[in-house]
Amino acid sequence: MRIIFFTIVAVCLATVMATGELISLVHITRHGDRSPLRAYGNPGKSAQWNCSMDYNYYTTDGHEDYDRVYSKFWTPNEQVIKGNCYMGQLTKRGARQHYDLGRQLREKYRTFLPEKCVEPTCHVRATFIERTQISARFNILGMFPAGDEEDIVDIHVVDEKADYMYGNMNPTVCPAIVNYVDKFRNSDEYKTEIAKINQHKAWFRENFPGHNVGDWGLVYDWFHCRHSNNIADPVELPDGFLEKLKTFTIFNYYNFANHTLKLYIGNHAKEVVSLLRNITNGNLERKYTFYSGHDVTIIPWMIMLEMPRNFPDYASHFEIELFRNDDGYYIRVYYNDDVVQLKDSDDNGFIRFEKFENMLKPYFPENWRDDCQSMVF
């Protein structure tokens, strides 16, 4: 099946190449499988989390010769959850997901990608949270196999207080987002939706004593992480409970992100469009740009591109292709290997770059920091 997929992709690329040329690729992903962000009750005998992999850290001050390399390992069975993972850590399965994705994209774009990921031709950006940085490392390893020569790949990160790929909820950084959340949670719409899941509060307290439900989304995350790693539920669940959890989580994410897009992800969209514009203007030579993010990175992009509501699984990914032909520049977008049919795109998913730019412009903040202090919803 995979061979058929690659054959079809190759034919599509060859068709386009007859009249145009792929000149740049932007890759946006969610990190791979991870351990849960919170644990509830007795985890059960089968709940063993595996985050075994190499963690090598190097200096960020240039690339001189190293006298010593240090590795970091999390002590097994001394963490909050069983195994050798801390909360929210990329698992071994998650690392493999990104390595396989990198290999898949190397095959898909084998005639386009450079042999090595070196600035300025190749640029890698992750958030301040470690699981996105490790996901990026394994993705790049799959896409650009390491050779015998010195092979150093820079992964660019931004401080938590300035990271615009994460939907900053820090009240001192972006109080406007926090103010919207407070307003949203007091709305009739929110109260109606949460009432549907709150009917299970008594059951939850009985089966998970000592744990209050502060955030149903974290409860859904806990069950989802367990199921992703084939870990059985510790207790029998009420009929329809997980589906209600998922429905509420999607409702919560989408409504929150949809109303705060300018502050939530607008700077990232602005950066991507500006990058592509600089390439079309001849001001930058960049073949590949990789952004390693979160579900809260992917969901806003799905909203901006007017895609159906869905919750992105681990290692979900966008590829934004920039083509040049005789009459201008075109964009084509893939999501999880399928072409995204954008508004005004042709049957093959191609849309003029200017239309793509205009599609995203309404979400660009004028001044993100000022808007975070003053915007009213």
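Let us look at the structure shown here. (Residues numbered from 1 in each chain as written. Predicted model: local features only at pLDDT ≥ 70, side-chain atom pairs only at ≥ 80, totals over all residues. Heavy atoms only, no water.)

Attention now moves to the state of the cysteines. By definition, a disulfide links two cysteine residues through a covalent bond between their sulfur atoms. As enumerated under the stated definition, the model contains three disulfides in all. Shown here is the disulfide that connects cysteine 51 with cysteine 85, its sulfur atoms set 2.0 Å apart. Note on the cysteine 51 and cysteine 85 pair: the S-S dihedral is about 110°, so by sign convention the disulfide is right-handed. Remark: cysteine 85 occurs in the loop between strand S3 (70-71) and helix H2 (92-108) and cysteine 51 occurs in the loop between strand S1 (20-30) and strand S2 (56-57); sequence separation between them is 34 residues. Each member of the pair, cysteine 51 together with cysteine 85, is buried. Sequential numbering of the bridged cysteines in the protein chain gives the disulfide pattern 1-2, 3-4, 5-6. (Disulfide = S-S within 2.5 Å. Helix = DSSP H or I, 4+ residues; strand = E, 2+ residues; numbered from the N terminus. Buried < 20%, exposed > 50% of the residue type's maximum accessible area, 1.4 Å probe, protein only.)

With that settled, consider the packing of helix H8 (residues 241-259) against helix H11 (residues 295-304). Here H8 crosses H11 at 65°, and the two axes come no closer than 10 Å. Relative to H11, the element H8 is oriented roughly perpendicular. Crossing of H8 against H11: the hand is right-handed. Where H8 abuts H11, its residues Tyr253, Tyr254, Ala257 and Asn258 lie against Asp295, Val296, Ile299, Pro300, Met302 and Ile303. A per-class count over the contact of H8 with H11 returns eight nonpolar, one polar and one charged. (Axes fitted to C-alpha atoms, helices over the stretch in contact; angles between N-to-C directions. Parallel < 35°, antiparallel > 145°, perpendicular 65-115°, else oblique. Left-handed = near helix turned anticlockwise from the far one by under 90°. Contact = heavy atoms within 4.5 Å. Nonpolar A, V, L, I, M, F, W, Y, C, P; charged D, E, K, R; others polar.)

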